[in-house]
Amino acid sequence: MRSIQNSSVICILLMLFAFSLSCGGSDSLRAVPAKVDAPIVYEIIEDKLPIADPYVLYHNGKYYAYGTRVNGFEVYISEDLKHWKRGDHLALSPENSWGTRWYWAPEVYYVASKNRFYMFYTVDEHICVASATTPTGPFIQVEKKPIVANEKGIDPSLFIDEDGTLYLYFVRFTSGNVIWMAEMNDDLQSIKTNTLTKCISAEENWEKIQGTIAEGPSVLKKGGTYYLMYSANHFESKDYGVGYATASSPKGPWKKYTENPILRRDKPAASGLVGTGHGAPFVCADGTYKYIYHAHADNNSIGPRRSYINNLGISAQGVISINAEVIRPVVVK
C-alpha cells in the first residue's frame, strides 16, 4: 500500500514540474514584454512659429494658432504646443473678406449656440468678422463690411460672459490707441453703439516709452473678477510689454495692476526676448492657462516676428503671472 502511495506522489510531482515548464520555466516560452511605441520623429521645416499678434484656440484635442503674416490668415495645428503643422490652405483668404491689405490680429472662437467658428480680425485698419464650420476654415465674410461703420479700428477680441452676453473689445484711434468695448448683437455682425465704453488708455510711464498706445486686448474671467490683458508702447519698441487690469464687470471700470508690466524684456518671463507683446491667454487640454505672444526676431531686427508660449497663472489673491519657462514652437512637415 505504501509503495502505491509513493508512486502516486512521484507522478504528481512530475506532472507539476512539467506544468511549470510549460508556464514559463523555459526561457524560450516566457512572455515577451509589450513593445513601447517609439517617440514621434518630426521633420522641422522652420525653427520658429512665424506669426505675430498670435492667438490659439483649443478644440477637440487640438490647438489651432492664427496670426499676422500674409494677406489673409494661415492656420497652424498642433497637439503638443511645440510642433505645429501649417494648414493646407488659408483659413481666411482675401477673396472671402472685406478689404485688401493689412491683415492683422485674427482671433477665432467656437460659439456653441451657433455651432460655428467666428474669426474676428483687422483688415485695412477696420474690424471684421467671418465664420466657418471648422477651425481650419475656410472662413467667409458673408456681408463684406466692417463691424463698425465709418470708423477705423484694430485688434478685435470677443468675450462671452456666463449669461451669454457678447462683448467686443477693440482699439479705437481716440487720442492714441485706446481700448474700448461694446456689446455685440446676437448675429455677431454688429455692435450696440450705445454701449460703447472706454476701457484702457496709455497713461503710465511704462506704457508711453514709445507712442501713446494700448492695444491687443484679451478678457478672461475667474470667479467674480474680470481680467483685461493688453499691450503698450509701439510694437517696434524693444520695450513693448504686457499688463493687465481688473474689474467686477465686463464694462469696467478697470483698475490697472500696480506691478505692471508682467511681460517685458526686463522681466524673467521674457527669457531674454525683446519686443514681447500682443498675445492672448488660452485654455489648455488640462484646463490650465497659457499665454502666446510675439517677440522681435532678435535684438537688432524687429521682423520677421515670431511667437512663443509661457504658462499663465492666477493666484488665490487674484494676481496674474507669466512663468519664465518658455515653449519655442517650430513648424514641422
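Note that the structure is predicted; figures quoted are calculated from it, not measured. (Residues numbered from 1 in each chain as written. Predicted model: local features only at pLDDT ≥ 70, side-chain atom pairs only at ≥ 80, totals over all residues. Heavy atoms only, no water.)

Visitor: What am I meant to see in the sheet that holds strand E16 (residues 255-256) here?
Guide: Within a sheet, neighbouring strands are paired by backbone hydrogen bonds and run either parallel or antiparallel to one another. Across the sheet, which stays open at both edges, the 4 strands sit in the order E13-E14-E15-E16 with antiparallel pairing between neighbours. Because the sheet does not close on itself, it has two edges, and the strands there are strand E13 (214-222) and E16. Relative to strand E14 (residues 225-232), E13 runs antiparallel, the two sharing 7 bridges. Counterpart to serine 218 in the pairing with E14 is methionine 229. (Pairing = 2+ DSSP bridges. Helix = DSSP H or I, 4+ residues; strand = E, 2+ residues; numbered from the N terminus.)

Visitor: What is the right way to look at the packing of aromatic side chains in this model?
Guide: Any two aromatic rings considered together are summarised by their centre-to-centre distance and by the angle between their planes. As enumerated under the stated definition, the model contains 14 aromatic pairs in all. Ring centres of tyrosine 227 and tyrosine 244 lie 6.1 Å apart, and the angle between their planes is 50°; this geometry places the pair in the tilted category. With tyrosine 227 in strand E14 and tyrosine 244 in strand E15 (residues 241-247), this pair connects stretches of sequence that are 17 residues apart. Accessibility classification places tyrosine 227 together with tyrosine 244 in one group, the buried group. Taken together, Tyr55, Tyr109 and Phe120 form an aromatic cluster joined through their ring pairs. Between arginine 101 and the ring centre of tryptophan 102, over which it is positioned, the NZ or CZ distance is 3.8 Å. Positioned over the ring face of tryptophan 180 is arginine 172, at 4.3 Å from the centre of the ring. (Phe/Tyr/Trp six-rings, centres within 6.5 Å; stacked < 30°, edge-to-face > 60°. Buried < 20%, exposed > 50% of the residue type's maximum accessible area, 1.4 Å probe, protein only. Lys NZ or Arg CZ within 6 Å of the ring centre and 35° of its normal.)

Visitor: Would you mind showing me how to read the nonpolar core here?
Guide: Residues Tyr66, Met119, Phe120, Tyr121, Phe139 and Ile147 are the most contacted members of the largest nonpolar core, which totals 35 residues. Counting only elements with at least two residues in this core, the list comes to strand E2 (52-59), strand E3 (62-68), strand E6 (104-111), strand E7 (116-123), strand E8 (126-132) and strand E10 (166-173). Ignoring anything within four residues of it in the chain, the contact list for phenylalanine 139 reads Ala91, Leu92, Asn96, Val108, Phe117, Tyr118, Met119, Ala130, Ser131, Ala132 and Thr134. (Core = buried A, V, L, I, M, F, W, Y, C linked by side-chain atoms within 4.5 Å. Contact = heavy atoms within 4.5 Å.)

Visitor: Got a minute to help me understand the pairing of E15 in this structure?
Guide: Each regular strand shows side chains that alternate between the opposite faces of the sheet. Most of E15 sits inside the fold, with 6 of its 7 residues counted as buried. Relative to E15, E14 is paired through 7 bridges, and the arrangement is antiparallel. Across the sheet, residue tyrosine 226 finds its bridge partner in E15, namely alanine 247.

Visitor: Would you mind showing me how to read the sheet that holds E7 here?
Guide: The 3 strands lie next to each other as E6-E7-E8, forming an open sheet whose pairing is antiparallel. Every other strand in the sheet has two partners, leaving E6 and E8 as the edge strands with one partner each. Across the sheet, the axes of successive neighbouring strands diverge by a mean angle of 20°, strand direction being ignored. Sheet analysis places E7 next to E8, joined by 7 bridges and oriented antiparallel. From the neighbouring strand, methionine 119 faces E8, where its bridge partner is alanine 130. (Axes fitted to C-alpha atoms, helices over the stretch in contact; angles between N-to-C directions.)

Visitor: Would you mind showing me how to read empty space enclosed by the protein here?
Guide: Summed over all chains, the structure comprises 1 cavity of 30 Å³ or more. If you go around the largest cavity, the residues you meet are Cys128, Val129, Gln141, Glu143, Lys145, Ile147 and Gln189. Considering only residue class, the lining of the largest cavity consists of 3 nonpolar, 2 polar and 2 charged. (1 Å grid on protein atoms, 1.4 Å probe; cavity = no way out; pocket = protein on both sides within 12 Å on 5 of 7 lines; lining within 4 Å. Points joined across faces, edges and corners; volume = space filled by probe spheres on them. Nonpolar A, V, L, I, M, F, W, Y, C, P; charged D, E, K, R; others polar.)

Visitor: Please clarify how the layout of surface pockets should be interpreted in this entry.
Guide: Gaps between atoms show up when a probe of the same size as a water molecule is rolled over them. By volume, the largest pocket amounts to about 600 Å³. When residues in the lining of the largest pocket are grouped by element, the largest group, 5 residues, is from E2. Looking at the lining of the largest pocket, its residues break down into 17 nonpolar, 3 polar and 2 charged.

Visitor: Help me understand unusual backbone geometry, please; the structure alone is not making it clear to me.
Guide: In this chain, glycine 137 is followed by proline 138 through a cis amide linkage whose omega measures 5°. By the element assignment, proline 138 lies in the loop between E8 and strand E9 (154-160). Of the consecutive residues glycine 303 and proline 304, the connecting peptide bond is found in the cis state with omega at 0°. In this structure, proline 304 sits in the loop between strand E18 (289-295) and strand E19 (306-314). Although it is not a glycine, aspartate 53 adopts a positive phi angle of roughly 50°. Turning to its location among the elements, aspartate 53 is positioned in strand E2. Since its relative accessible area comes to 9%, aspartate 53 is described here as buried.

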